[in-house]
Amino acid sequence: MLTSRTFLKRTRAGAVVKVVREHYLREDIPCGAAACSLCPPRPPGPGLGLQAQPNGASSSLCPGPHYLLPDTNLLLHQIDILEDPVIKNVIVLQTVLQEVRNRSAPVYKRIRDVIQNPEKHFYSFTNEHHRETYIQQEQGESSNDRNDRAIRVAVKWYSEHLKKIEDKEKIQVIFLTNDRINKEKALEEGLTAYTCEEYIKSLTANPDLVDRLACVSDEGKEIESGKIIFPEHIHLSKLQQGIKSGVYLQGTYRASRENYLEATVWVHGDAEENKEIIIQGLKHLNRAVHEDIVAVELLAKDEWVAPSSVVLQDDGQNEDEEEKENTLKTSVSKDMLRPTGKVVGIIKRNWRPFCGMLSKSEVKEARRHLFTPADRRIPRIRIETRQADTLEGQRIIVAIDGWPRNSRYPNGHFVKNLGSAGDKETETEVLLLEHDVPHQPFSQNVLSFLPKMPWSITEEDMKYREDLRHLCVCSVDPPGCTDIDDALHCREIENGNIEVGVHIADVSHFIRPGNALDEESAKRGTTVYLCEKRIDMVPELLSSNLCSLRSNVDRLAFSCIWEMTHKAEILKTRFTKSVIKSKASLTYAEAQMRIDSATMNDDITTSLRELNRLAKILKKKRIDNGALTLSSPEVRFHMDSETHDPIDLQTKELRETNSMVEEFMLLANVSVAQKIYDEFPEFALLRKHPAPPPSNYDILVKAAKSKNLEMKTDSAKALAESLDRAECPTFPYLNTLLRILATRCMMQAVYFCSGMDNDFHHYGLATPIYTHFTSPIRRYADIIVHRLLAVAIGADTTYPELTDKHKLADICKNLNYRHKMAQYAQRASVAFHTQLFFKNKGVTNEDAYILFVRKNAVVVLIPKYGLEGTVFFEEKDKPKPRLDYNSEVPSLTVEGTTLHIFDKVRVNIMLDASNIQHQKIRMVLVEPKLLGGDVPATLSTEISSKNEPEKKKKKLQK
């Protein structure tokens, strides 16, 4: 059956055209019930499949067999309930799926996954194409009302249809909706309808499921009075008009780790329009959550403030909120003031399930409790649960449902119990979930696209390849490395010049565009390295075997080969797909030993010595051009072989061979970037490092000035030269501290599509163009770059998505997100293992340096452990010491004793066993002695360390 709708539409050119929309209706769409003999046979795949108790539990409201049919809002807000194993046999209408897809991509994906799970018996019914369930929109009827009516029509059809099935027990259809009007209309039409809460509470055998109900109504849910705390959010339509007219600014909200009453909003726009706006105070923050897209109204210039210098943490006690906000106010010079604004509305929420722990209410038998997220940038969340005694001391997942104007905290619901806090498996699961790291095993569909074993190189593989197996190629990596994706060779050629080659694993040969393996690799974006675990981007068969350039086996590679003079001047550059056979897989230490040995002169050693010599020349050229050499403390954990607990920490030793490999990888990345940009000026995937705004350097300039040093920051070259000159004979560690501080001033490097940007410069490397080519086993960006380069040299064919700059821009957006979250996960892993180390070690007395001075605390760095900690000088319910903060020096005077930035101090380090909530490292300042040798508060809440668990240098900090 065919229905059609005709309407007139005006084109952009002004012409009026007649549009006919055809809509096909069918009579052969099955209802999905396993017991139904009236419908045509159901196609293979997931379906309803009636069971004795179709929903896995006995309902007091509907004790007989029944199916559930939820409406759109219920599916959007109660997805956690629908995913529970107890809930089975659910009809998901096409009308509902389409609405969910338009309103929430994450929920849409989750419900599609549930539908595909055969154990859940969810059935997707295409009611919009069924002759008896399709309805047309009536005149004056809104789309929302039409869809609600379509859902009720489908419920009625199912109820009547299932009555005709010849079965001992008749099947009921339960309509689930939290919409009061929709429910009333359904009841008037004779349908069986309940709210989600009514139905879930009727499952007497599963009372704990009530905890997972999302709080869809704010009425009566608050423990606070009706006092309005926050301003009302402006409606989205008005926000969009205001943004278009320039009244409001749109940007990404970023909460502060140090101060829960402060945030910044990075305003979206062209590069020259990008700016950061400070938000201070509870009302101005106005219920925004970290990474929300918000609308901001700028305050008048006389209301602008400077970034706060106080460390404030939300302790859940709100009675002194006004006093805390007063501590934000500091008299500063006009040049320190920054654009300041207030959040007036939310464009897009970034709410997701959050990991953390329950802060149990002190009220006896209370059901409302506060949940404290592991991420300090997320506010506490109020939830209702009957399981508080069970959940106390556990790591749990909670989702936000809403944030009313009269509530200090958002409302949410319990989702899942992960396990005991402090347990290594639980903590690893928490940090992976909290940082949104895809870590589930690769599906059979993904694995089906791997090459069949045993694998060998075929004639077809050699079609566009150069055979380089005769070259003396070797790899240099950290010990224990199994994902070897780069190797080098160096030799003198006939004309007296030197040939140097970088050979990179040809991962793109095995991962072809568009298949499930490619899609999974793109989704993961990067390999994530934890202290004792690696979450691979690609399956192990590729990462540790077929794509790993191990010694004495034939491997497919992509080679970048230069002809150089003995002064490392590049004469020619060529690229080729190749086959190599590495002659040795060396560690950095083994390669260094060969270079330094007077007795070894074999081909591999000779090649390494020449590579090392050339690398030193290349590095000097880079530094002369203004490349930055920054510093940060790096440590490596040594694990117990049985318990896998950290038993020792060792400062990472950097050898010349580390730098040697780095120089040639950088050179290859620059060479490939130029090649793909020359060939594809609109579609090259590149990487840039933006120059920091001048204000970022304020702390560095002041710190240097306090030691009578000048720090010029008008260019990367000027900064590099200033850092090189910053030496003090009596304070040798000063230069390292300045370089550590300089890293904190930097912007984040990002991937981008050349056709969507005009600023290509990489600030840190001082190069006009750069990309990532050298680690395709561990980074999806490199796979895209390999594909572009292969097309550029005629070694492979292109495909539509490769030359679509908008799709490449979307890929870059995901890659930037995945790399950022991988960094955070790695930092969290180091922080947890640091806690384990000090738990086993007890109290340790160590030298430290003051890295930052705050209004009420100092942040210290302990070089031996690469550890940062905050030492406070104020504590709740104790007399406050006299504190005098000087932002210009910077310094903090505590009861007459002045602490300056970079001062050397002595601290005691221990695990704070009294607070399992955040498993904090506790630090006591013991030298200089303050207030008779003790400090009022000595709690470290931020732990920072660096670790290189696998192959590349990674800045890990929490």
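Residues numbered from 1 in each chain as written. Predicted model: local features only at pLDDT ≥ 70, side-chain atom pairs only at ≥ 80, totals over all residues. Heavy atoms only, no water.

Visitor: Where do I start with the overall build of the protein in this structure?
Guide: Summing up its helical and strand segments, the protein has 23 helices and 38 strands in all. Counting across all 958 residues of the protein, residues that qualify as buried make up 54%. Sequence separation of 24 or more characterises 68% of the internal contacts of the protein that already satisfy a separation of 6 or more. Accessible surface for the protein amounts to roughly 43400 Å². Of this, 49% is attributable to carbon and sulfur atoms. (Helix = DSSP H or I, 4+ residues; strand = E, 2+ residues; numbered from the N terminus. Buried < 20%, exposed > 50% of the residue type's maximum accessible area, 1.4 Å probe, protein only. Contact = heavy atoms within 4.5 Å. Areas by Shrake-Rupley, 256 points an atom, 1.4 Å probe, with all protein chains shown as cover.)

Visitor: How do you make sense of the environment of P85 when you look at a structure like this?
Guide: Within the secondary structure, P85 sits in the loop between α2 (79-83) and β4 (90-93). The sequence separation of P85 and E119 amounts to 34 residues, and the corresponding C-alpha distance is 8.5 Å.

Visitor: What exactly am I supposed to notice about the sheet that holds strand β35 (residues 891-894) here?
Guide: Strand pairing within a sheet occurs via backbone hydrogen bonds; the two strands may be parallel or antiparallel. On the basis of which strands lie adjacent, the open sheet formed by 3 strands has the order β34-β35-β36 and antiparallel pairing. What marks the edges here is a single partner per strand, and that holds for β34 (883-886) and β36 (897-900). With strand direction ignored, the average angle separating the axes of adjacent strands in the sheet is 15°. (Pairing = 2+ DSSP bridges. Axes fitted to C-alpha atoms, helices over the stretch in contact; angles between N-to-C directions.)

Visitor: It is not clear to me how the confidence of the model for the protein should be interpreted in this structure. Could you clarify?
Guide: Caution is warranted with low-pLDDT regions, since their predicted coordinates should not be read in detail. For the protein, per-residue confidence averages 86 on the pLDDT scale, and 87% of positions sit at 70 or higher. Of the regions scoring below 50 in pLDDT, residues 218-225 engages in 21 contacts with residues more than four places distant in sequence or in other chains. (pLDDT = per-residue confidence, 0-100.)

Visitor: Even after reading the chapter, I still don't get the packing of aromatic side chains, so can you show me in this structure?
Guide: The way to describe two aromatic rings as a pair is by their centre distance and the angle between their planes. Under the definition given, this model contains 13 aromatic pairs. Members of the aromatic cluster, joined through ring pairs, are F125, W157 and Y158. Positioned above the aromatic ring of F442, the side-chain terminus of R524 is 3.9 Å from the ring centre. If you follow K688 out to its NZ or CZ, it ends over the ring of F752, 5.5 Å from the centre. (Phe/Tyr/Trp six-rings, centres within 6.5 Å; stacked < 30°, edge-to-face > 60°. Lys NZ or Arg CZ within 6 Å of the ring centre and 35° of its normal.)

Visitor: In this structure, what is going on with the nonpolar core? I would like to understand it.
Guide: When a protein is soluble and globular, its nonpolar side chains tend to lie buried together. In this structure, V500, L542, W562, L608, F664, L685 and F773 are the most contacted members of the largest nonpolar core, which totals 88 residues. In terms of nonpolar packing, the next biggest core, distinct from the first, is built from 55 residues, C31, V114, A186 and Y194 among them. (Core = buried A, V, L, I, M, F, W, Y, C linked by side-chain atoms within 4.5 Å.)

Visitor: How should I be thinking about the environment of Q136 in this particular structure?
Guide: Tracing the chain through its elements places Q136 in the loop between β5 (122-125) and α5 (143-163). Taking the C-alpha atoms as reference points, Q136 and R149, 13 residues apart in sequence, are found 10.0 Å from one another.

Visitor: Before we go on, may I ask you to explain the pattern of salt bridges in this structure?
Guide: Opposite charge on two side chains allows them to pair when their charged atoms are near. For the coordinates displayed, the defined rule picks out 57 salt bridges. For R405, the salt bridge identified is with E232, shortest N-O distance 3.9 Å. With R405 in the loop between β16 (394-402) and β17 (411-420) and E232 in the loop between α7 (196-201) and α8 (236-245), this residue pair connects regions lying 173 residues apart in the sequence. When the shortest N-O distance is used, the salt bridge between E663 and R622 registers 2.7 Å. Remark: R622 occurs in helix α17 (residues 603-624) and E663 occurs in helix α18 (residues 656-679); sequence separation between them is 41 residues. By the burial criterion, E663 is buried, and R622 matches it. Through salt bridges with shared partners, one network takes in D483, D485, R534, D536 and R778. (Salt bridge = Lys/Arg side-chain N within 4 Å of Asp/Glu carboxyl O.)

Visitor: Explanation requested: the packing of helix α12 (residues 424-434) against helix α23 (residues 805-841) in the structure shown.
Guide: In a pair of packed helices, the angle between the axes and the distance between the axes together describe the arrangement. Taken N-terminus to C-terminus, the directions of α12 and α23 make an angle of 155°; their axes are 9 Å apart at the nearest point. By the angle class used here, α12 and α23 are roughly antiparallel. Seen along the crossing, α12 lies across α23 with a hand that is right-handed. Taking contact as the criterion, the partners of K424, E427, L431 and E434 in α12 are, on α23, M821, A825, A828, S829, F832 and L836. Of the residues belonging to the contact of α12 with α23, the class tally is 6 nonpolar, 1 polar and 3 charged. (Parallel < 35°, antiparallel > 145°, perpendicular 65-115°, else oblique. Left-handed = near helix turned anticlockwise from the far one by under 90°. Nonpolar A, V, L, I, M, F, W, Y, C, P; charged D, E, K, R; others polar.)

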